[in-house]
Amino acid sequence: MVLRPRRRRAAISVATVAVLCLVAAACGDDDGGTTAATGAATGGATTVDVTVQEFAVIPASSSAPAGDVTFDVTNKGPDDTHEFVVFKTDLAPDALPTVADGSVDEEGEGLELIDEIEDIAVGDTPTLTVSLDAGSYVFICNIYDKAEKEAHYQEGMRVAFTVE
């Protein structure tokens, strides 16, 4: 199909307007209550979506501003119950102190346990709200499966997170 000059100009004009609208939306004013975590916040609080699954902890963002942070945690399984544990630490995610079975010693040297959600069934989406100071954090699943003889932490369920 060949566009006539008038139609070609019209098509170019429409495309230009669409691009300009996208650029304007991307460069829009930040109202101070919206964060990069999920693009939604209420009254200055930040919400971060987190997925736990065999065998990963996946936050929608790797950082959040200091203050109240709400974590909406979804267990995508597909088979195992998981948990979501928040530590403040300067240790690397794979260097947390462990006990004999490979799970993390939650009272170990260099760790400050902030809070946790235990026993998240597949498909559940519980919420955890905590007040976080600026610093380095690690999220883990600290379940030890006796039947499988595996620590979810050792299987890779750990990730760094920064609060600015």
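If you're wondering where the values come from, they're calculated on a predicted model, not measured in any experiment. (Residues numbered from 1 in each chain as written. Predicted model: local features only at pLDDT ≥ 70, side-chain atom pairs only at ≥ 80, totals over all residues. Heavy atoms only, no water.)

Draft legend 1. Quick look at the environment of Pro-126. Relative to the elements of secondary structure, Pro-126 occurs in the loop between strand 7 (112–120) and strand 8 (127–132). For Pro-126, a relative accessible area of 23% gives the class partly exposed. C-alpha of Pro-126 to C-alpha of Val-73: the two residues are 53 residues apart in sequence and 5.7 Å apart in space. The contacts of Pro-126, once residues within four sequence positions are left out, are Phe-71, Asp-72, Val-73, Ile-117 and Ile-120. (Helix = DSSP H or I, 4+ residues; strand = E, 2+ residues; numbered from the N terminus. Buried < 20%, exposed > 50% of the residue type's maximum accessible area, 1.4 Å probe, protein only. Contact = heavy atoms within 4.5 Å.)

Draft legend 2. Highlighting the packing of aromatic side chains. In the structure shown here, the tally under the stated rule is five aromatic pairs. Each ring, one from Phe-71 and one from Phe-139, has its centre 5.1 Å from the other, and the planes form 75°; the classification is edge-to-face. Placement of Phe-71 in strand 5 (residues 67–77) and of Phe-139 in strand 9 (residues 135–140) is noted, with a sequence separation of 68 residues between them. You'll find Phe-71 and Phe-139 in the same group, each marked buried. Chaining the aromatic ring pairs together yields one cluster made of Phe-71, Phe-84, Phe-139 and Phe-161. Taking the ring centre of Tyr-153 as reference, the NZ or CZ of Arg-158 above it sits at 5.1 Å. (Phe/Tyr/Trp six-rings, centres within 6.5 Å; stacked < 30°, edge-to-face > 60°. Lys NZ or Arg CZ within 6 Å of the ring centre and 35° of its normal.)

Draft legend 3. Representation of the environment of Asp-68 within the structure. Mapped onto the elements, Asp-68 comes out in strand 5. The residues contacting Asp-68, other than those within four sequence positions of it, are Ala-45, Thr-46, Val-130 and Ser-131.

Draft legend 4. Structural view of the pairing of strand 5. With eight bridges joining them, strand 2 (residues 45–53) and strand 5 adopt parallel strand pairing. What sits directly across from Thr-46, in strand 5, is Val-69. For strand 5 and strand 8, the ladder comprises six bridges, and the chain directions are antiparallel. Considered in strand 8, the bridge of Gly-67 is made with Leu-132. (Pairing = 2+ DSSP bridges.)

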